[in-house]
Amino acid sequence: QGQLVESGGGLVQTGDSLKLSCAPSGRTFSVRYMGWFRQAPGKDRAFVGSIGWTSGRTRYADSVKGRFVISGDSATNTVYLQMNSLEPEDTGVYYCAAGTRVWGDVGIEGAYAYWGQGTQVTVSS
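Residues numbered from 1 in each chain as written. Predicted model: local features only at pLDDT ≥ 70, side-chain atom pairs only at ≥ 80, totals over all residues. Heavy atoms only, no water.

**Q** Could you give me a rundown of the packing of aromatic side chains, with the residues and numbers involved?
**A** According to the stated counting rule, one finds five aromatic pairs in the structure shown. Arranged with centres 5.6 Å apart and planes meeting at 75°, the rings of Phe 37 and Phe 47 form a pair that is edge-to-face. In this pair, Phe 37 sits in strand 4 (residues 33-39) while Phe 47 sits in strand 5 (residues 45-52), placing the two residues ten residues apart along the sequence. Accessibility classification places Phe 37 together with Phe 47 in one group, the buried group. Between the aromatic rings of Phe 37 and Tyr 112, the centroid separation amounts to 5.2 Å while the plane-to-plane angle is 85°, which identifies the pairing as edge-to-face. (Phe/Tyr/Trp six-rings, centres within 6.5 Å; stacked < 30°, edge-to-face > 60°. Helix = DSSP H or I, 4+ residues; strand = E, 2+ residues; numbered from the N terminus. Buried < 20%, exposed > 50% of the residue type's maximum accessible area, 1.4 Å probe, protein only.)

Dropping the structure here:
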């Protein structure tokens with residue numbers, strides 16, 4: 001971990017919005033897709049969403065569909081996570097990741113070669 005750097009986390013209230021950003025920490029590398037995962041207190045890290053650089057296609061976990069939007073810039077490997085209508089259940093550490101696989105499930109941790117250290121998001125009720 002540490003090849004990517006996340007920012008934008010913080011403490012917000014239910015219904016608020018927050019935008020996370022992620023960019024390489026300094027080294028350059030070529031990837032095919034980037035994604036976001038989150039780890040809630042006491043739970044395993046879980047897939048939130050991803051974006052493919054060639055297709056531009058996005059994919060989301062059911063729990064965030066319609067509320068979260070992923071966008072980014074493939075030229076700089078910068079990815080954003082716009083989070084709207086936040087709920088207490090969205091609380092957790094959010095991790096950015098990047099992968100190079102040609103095919104396979106981008107919804108699993110094993111598909112990603114590069115990771116950030118994470119940024120805390122806390123949603124109060």
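**Q** Describe the pattern of salt bridges, naming the residues involved and giving the relevant values.
**A** In total, this model carries five salt bridges according to the counting rule given. For Arg 38, the salt bridge is made with Asp 90, and the minimal N-O distance between the two is 2.8 Å. Placement of the pair is Arg 38 in strand 4 and Asp 90 in the loop between strand 8 (78-83) and strand 9 (92-99), with a sequence separation of 52 residues. Considered together, Arg 38 and Asp 90 belong to a single accessibility category, that of buried residues. Arg 67 serves as the salt-bridge partner of Asp 90, at 2.8 Å between the closest nitrogen and oxygen. Pair noted here: Asp 90 is in the loop between strand 8 and strand 9 and Arg 67 is in the loop between strand 6 (58-60) and strand 7 (68-73), with a separation of 23 residues, a long-range link. Each of the salt bridges in this network shares a partner with another, and the network as a whole consists of Arg 38, Arg 67 and Asp 90. (Salt bridge = Lys/Arg side-chain N within 4 Å of Asp/Glu carboxyl O.)

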